[in-house]
Amino acid sequence: MYYYSTRNKTIRVSGAEAIVKGLSPDGGLFIPERIPVLNAEEQEELLKLDYPHLAARIMSLYLTDFSEEELLTFTKAAYGPGRFDSCDVAPLRKAGDVSVLELWHGPTCAFKDMALQILPYLLTASAAKCGETAEICILVATSGDTGKAALEGFRDIAGTQIMVFYPRDGVSDVQKLQMISQAGGNVNVVAVNGNFDDAQSGVKEIFSDASVREKLLAANRVLSSANSINWGRLLPQIVYYVWTCLCFRRGGRLTHGQTLDFSVPTGNFGDILAGWYARRMGLPIGKLICASNSNDVLTDFIRTGVYDRNRSFRLTVSPSMDILISSNLERLLASLSGDLSLTASYMEQLRANGRYQISDEVLRLLQAEFSAERVSEEETFAAIRSAWETEGYLLDPHSAVGYAAALRQRRPDTPVALVSTASPYKFSAAVLHSLGAAPEADGFASIDRLQEITGIAAPIPIRSLRGSAVRFTEAVSPSEMRRAVLDFLR
Ligand SMILES: *Cc1c(COP(=O)(O)O)cnc(C)c1O
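Residues numbered from 1 in each chain as written. Predicted model: local features only at pLDDT ≥ 70, side-chain atom pairs only at ≥ 80, totals over all residues. Heavy atoms only, no water.

## Focus: the nonpolar core
Formed by 153 residues in total, the largest nonpolar core has its most connected members in Tyr-51, Ile-238, Phe-262 and Tyr-356. Per element, the largest residue contribution to this core is 13 residues, and it comes from helix α11 (residues 231–250). Beyond its immediate chain neighbours, meaning those up to four positions away, Tyr-356 contacts Phe-301, Gly-305, Val-306, Tyr-307, Leu-329, Leu-333, Tyr-346, Met-347, Gln-349 and Leu-350. The next biggest cluster of nonpolar side chains, apart from the first, holds 22 residues, and it includes Met-163, Ala-199, Val-203 and Leu-486. (Core = buried A, V, L, I, M, F, W, Y, C linked by side-chain atoms within 4.5 Å. Buried < 20%, exposed > 50% of the residue type's maximum accessible area, 1.4 Å probe, protein only. Helix = DSSP H or I, 4+ residues; strand = E, 2+ residues; numbered from the N terminus. Contact = heavy atoms within 4.5 Å.)

## Structural notes on the side chain of Thr-299
Along the chain, the position of Thr-299 falls in helix α13 (residues 297–304). Residue classification places Thr-299 among the buried positions, given a relative accessible area of 0%. With near-sequence residues (within four places) excluded, Thr-299 lies in contact with Ser-292, Ala-372, Glu-373 and Arg-374.

## What about the pairing of strand β8 (residues 187–192)?
Counting buried positions along β8 yields six of six residues, so the element is predominantly enclosed. Residues of β8 alternate between two faces, with Val-187, Val-189 and Ala-191 on one and Asn-188, Val-190 and Val-192 on the opposite face, all of them buried. Sheet topology note: the strand β7 (residues 160–167)/β8 ladder contains six bridges and is parallel. Looking at the pairing, Ile-162 lines up with Val-187 of β8. With helix α8 (residues 173–180) bridging β7 and its parallel neighbour β8, the resulting β-α-β unit is right-handed. Here β8 runs beside strand β16 (residues 475–476); their pairing, made up of two bridges, is parallel. Bridge pairing links Ala-191 to Ala-475 in β16. (Pairing = 2+ DSSP bridges. Right-handed = clockwise from strand over helix to strand, strands pointing away.)

## Topic: the packing of aromatic side chains
Enumeration over the complete set of coordinates arrives at 16 aromatic pairs. A centroid spacing of 6.4 Å and a plane angle of 80 degrees characterise the contact between Phe-66 and Phe-74, whose relative ring orientation is edge-to-face. Accessibility expressed as a relative area gives 5% for Phe-66, which makes it buried. Assessed through its relative accessible area of 11%, Phe-74 is described here as buried. Relative to Phe-84, the ring of Tyr-79 lies with its centre 5.7 Å away and its plane at 55 degrees, an arrangement referred to as tilted. Comparing Tyr-79 with Phe-84, the two get one shared label, buried. Taken together, Tyr-3, Tyr-62, Trp-231, Trp-276 and Tyr-277 form an aromatic cluster joined through their ring pairs. (Phe/Tyr/Trp six-rings, centres within 6.5 Å; stacked < 30°, edge-to-face > 60°.)

## A word on the sheet that holds strand β3 (residues 30–32)
The strand order across the open sheet built from three strands is β2-β1-β3, with neighbouring strands paired in antiparallel fashion. Here the strands that pair on one side only, and so sit at the sheet edges, are β2 (8–14) and β3. The mean inter-strand angle of the sheet, taken between neighbouring strand axes irrespective of direction, is 40 degrees. By the bridge criterion, four bridges tie strand β1 (residues 2–5) to β2 in an arrangement that is antiparallel. Of the residues in β2, the one forming a bridge with Tyr-4 is Arg-12. (Axes fitted to C-alpha atoms, helices over the stretch in contact; angles between N-to-C directions.)

This is the structure we're talking about:
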């Protein structure tokens, strides 16, 4: 199977190349030339597979330049015991009428582990397949969780270096400490004096800067991306949507002809887009509910067809969703419209004016599969409180945004699954506040207090953060990011 750029069909690469390159040279994202469809019989076949086997099977449909056995060695290593603290990898729980898909049982306690535990294997193997001998330098812009998950995935992986930029005031105490205390000989972490969009734009600029590429090439190095613009990030995420449908089937909770809705707390549109691929593969998925916090650019877009980032950026209690430019949307627009010059023109309008409007036809297609909800800060707190008080289920603020959206959009006779993206202990202060408890002095005091109140133990990776030494203190302005990269990779 080949992949092409969302902006130009003649830029066509193999799966391995798409993963090594990350971004297409014209600034577009790589998308598969077609989406493999699984008929009912083939879906039945999958029922007997455990998570690593399912992941290898699904990924092999898209990465035809890898064998299923090869992929299985990766998925077993990435999702095996010792990496994830649940043998299901992605366990399904209940919070009243809402089923909760917990994607935070990996080493960094957020759903980014689902992709970033396996990406290093995919990337180094892809580089080998492409005959790439240069050292791979991963640049990451993070809204909090990607950075840590990428650092954990790539640390001390031979033939790679990784550098992470995070918005200085845009991440939680725990997220920040997780990153600045990162171990590993091939890692670097730098704060950006700006928000996530500044960090992401800075990284994108470095990627398209020919002089940076030349300098690195002279040192036998190439840049690659671990952000969700990389197909190698998106692909492993399709698996847990398939997994959830299969779990429902196995448990007799989804009869033939019935569909399952998903509510997805959304930022860069990567998680929910993976759900869309699963839907197009023929899995019994109904609506994909795009849940946003008060950075509600996607809510307006899905409801009106106008994407307009000209609005104030808000720091919220769900910082990993504080995003006004949702990069992965480009993939959906290219696939829905089938018109790549139109897609390129939308992206050019977005760059130049911060705004574009899709045609009525594309809007109709979009609304047939997606709906959207905006959840305010107060509604987020209320959702955490009511899920805990009425269902005994403890949500983190991101998942709470999805939970509130799921309850609003619930349809009779259609079950709904919430894609839960982080452990509540990554955001203890906000969760405590929601439960009506007094604020604590710091992140660790909040963790202790939350454990006392709820009787639920914090995950081990979070408990063991206490007392870890800070290794990285550098802070730069967005315009200094290029220099910081060249210094690190000297
Ligand atoms: C990254 C992240 C999201 C948003 O996911 P996207 O793929 O960017 O839409 C939501 N919640 C948490 C906890 C995250 O880390």
